[in-house]
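Below are the chains, spelled out letter by letter.
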Amino acid sequence: MSFNNKVIVITGASSGIGLAAALLFANKGAFVFNLDIIEPSYFHKKVLWLKCNVSDISDVQSSFAIIRTHTKRIDYLFANAGIYSEAPLIEMSSTTIDEIINVNIRGVINVLRITLPIMKAQKNGSVVLMGSDLSFVGRKNSSIYGATKGAIGQLTKSLSIECASVGIRVNCVCPGAIMTPLTKKAIKLEACEKKESASVIYKEIEKQIPLKRFGTSEEVAHVVAFLCSEKASYITGNLVSIDGGVVASQVDNCQYNSHVLKQIVHILGQNTLFFAHNQKNEASDESNVDKKNIVQLRSKL
Ligand SMILES: NC(=O)c1ccc[n+]([C@@H]2O[C@H](COP(=O)([O-])OP(=O)(O)OC[C@H]3O[C@@H](n4cnc5c(N)ncnc54)[C@H](O)[C@@H]3O)[C@@H](O)[C@H]2O)c1
């Protein structure tokens, strides 16, 4: 896959997944504009850092004014910059809530509103937005972050339809646990809270991942490159999981719960089980039996 003479804007390419994507595209011949609040600690002759807070529209406008002095084209956009913070909804400060929403949603919209007219004028382009496994499922203490990533999933779908007629594809990558500075910080905090060592928390997380390991930034970057490339020319409006099977395994958990429910009903007494069996003739399938068990279980509790 070559990106010779292509131009990509990546937000948050000074660290983690964005950094891996910037180096991958640059090494394959693209010119990369990195819009980030922090200066990168690496140098690549095909990556230009522009200091930019994506949640501040005037900052984004100034960065694009500079980009336009270098190039008239923008072939790809990877709207990756994001922040994470966890706490129960009612305990999170309003300032933190605003920060997460402003970077993770408003920041993406700001960059899109300037990039899309340029892509529309050139009648092609490929956009990849940064979602998360939390675009699909919920997690304790992640309501606000999860809400922003759910929003990015919806943005991807509607925007892909709006943009299809003008030759722009819009997709979304949804990583699970990827080993980046953001993840290390989150694990450190959890370790502090649980009074455990970080390595215990790492192992706990790995155990829950079907592939039994964290993903790498490069594994996400390769999917972004594929989605931008011509090889993905018929893919738009997609949310692509890169999570070692985490989201798929949520279905397993539901089946497990259904099995557990049957065991609880059994332990609670033969009468309950008898009730469920008597109703079985009326039940058209297994799940109806489960529903009746739930009703009976509730009355016992
Ligand atoms: N690491 C994971 O496990 C994981 C999983 C799912 C989704 N994600 C998402 O991937 C993206 C990148 O995460 P990462 O793990 O590489 O994190 P990271 O902290 O290593 O990198 C994020 C980069 O974004 C930049 N950034 C933050 N706020 C910014 C702002 N207002 N304007 C411009 N740049 C800003 C940071 O300076 C940093 O360089 C985020 O959107 C995150 O939500 C990460």
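Given the structure is predicted, the values throughout are model-derived calculations rather than measurements. (Residues numbered from 1 in each chain as written. Predicted model: local features only at pLDDT ≥ 70, side-chain atom pairs only at ≥ 80, totals over all residues.)

Draft legend 1. Seen up close, the overall build of the protein chain. When helices and strands are tallied, the protein chain shows 10 helices and seven strands. Counting all 301 residues of the protein chain, 36% fall into the buried class. Taking the intrachain contacts of the protein chain between residues at least 6 apart in sequence as the baseline, contacts between residues at least 24 apart amount to 68%. (Helix = DSSP H or I, 4+ residues; strand = E, 2+ residues; numbered from the N terminus. Buried ≥ 20, exposed ≤ 12 C-beta atoms within 10 Å, placed from the backbone. Contact = placed C-beta atoms within 7 Å.)

Draft legend 2. Local environment of the nonpolar core. Counting residues in each nonpolar core, the largest one holds 60 residues, and the members touching the most others are A21, F25, V32 and V224. A per-element tally of this core places helix α1 (residues 16–27) first, with eight residues. Among residues more than four places away in sequence, those in contact with V224 are A21, F78, V128 and V173. (Core = buried A, V, L, I, M, F, W, Y, C linked by C-beta atoms within 7 Å.)

Draft legend 3. View of the pairing of strand β4 (residues 76–79). Of the two faces of β4, both are covered, the one formed by Y76 and F78 as well as the one formed by L77 and A79. Sheet analysis places strand β1 (residues 7–11) next to β4, joined by three bridges and oriented parallel. Along β4, the bridge assignment pairs V9 with L77. Two strands pair when backbone bridges link them, and β4 and strand β5 (residues 125–130) are joined in this way by four bridges, in the parallel orientation. For A79, the partnering residue across the bridge sits in β5 and is L129. (Pairing = 2+ DSSP bridges.)

Draft legend 4. Molecular detail of the sheet that holds β1. The parallel open sheet is built from seven strands, whose spatial order is β3-β2-β1-β4-β5-β6-β7. Unpaired on one side and paired on the other, β3 (47–51) and β7 (239–242) mark the two borders of the sheet. The average undirected angle you get between the axes of adjacent strands in this sheet is 20°. Two elements, strand β2 (residues 31–36) and β3, share five bridges in a ladder whose sense is parallel. Bridged to V32 within β3 is V47. The sheet contacts of α1 involve β1, β2, β3, β4 and β6 (168–175), and relative to β1 the element is tilted by about 170°. (Axes fitted to C-alpha atoms, helices over the stretch in contact; angles between N-to-C directions.)

Draft legend 5. How the structure looks around α1. The terminal C-alpha atoms of α1 lie 17 Å apart, and with 12 residues this matches the ideal 16 Å at 1.5 Å per residue to within 8%. The buried count for α1 comes to 10 of 12 residues, which makes it a mostly enclosed element. Just beyond α1, the residue with positive phi is G29, at close to 100°. (Expected span 1.5 Å × (residues − 1).)

Draft legend 6. Structural view of helix α3 (residues 94–122). Under the 1.5 Å per step criterion, the end-to-end length of α3 is 41 Å for 29 residues, consistent within 8% with the ideal 42 Å. Of all the bends in α3, the greatest measures close to 35° and is centred on R106. Considered for burial, the residues of α3 that qualify are V103, N104, G107, V108, N110, V111, L112, T115, L116, I118 and M119. Each element contacted by the buried residues of α3 is listed here: β1, α2 (57–70), β4, β5, α4 (143–164) and β6. Of the residues one or two after α3, K123 is the one with positive phi, at around 60°. (Bend = angle between axes of the 7 residues up to and from the residue.)

Draft legend 7. The arrangement of the packing of α3 against α4 in detail. Their axes nearest at 9 Å, the elements α3 and α4 cross at an angle of 15°. Here α3 is positioned roughly parallel relative to α4, judged by the angle of their axes. For the pair α3 and α4, the sense of crossing is right-handed. Contacts from I97, I100, I101, N104, I105, V108 and L116 of α3 reach α4 at I144, Y145, T148, A151, I152, L155 and C163. (Parallel < 35°, antiparallel > 145°, perpendicular 65-115°, else oblique. Left-handed = near helix turned anticlockwise from the far one by under 90°.)

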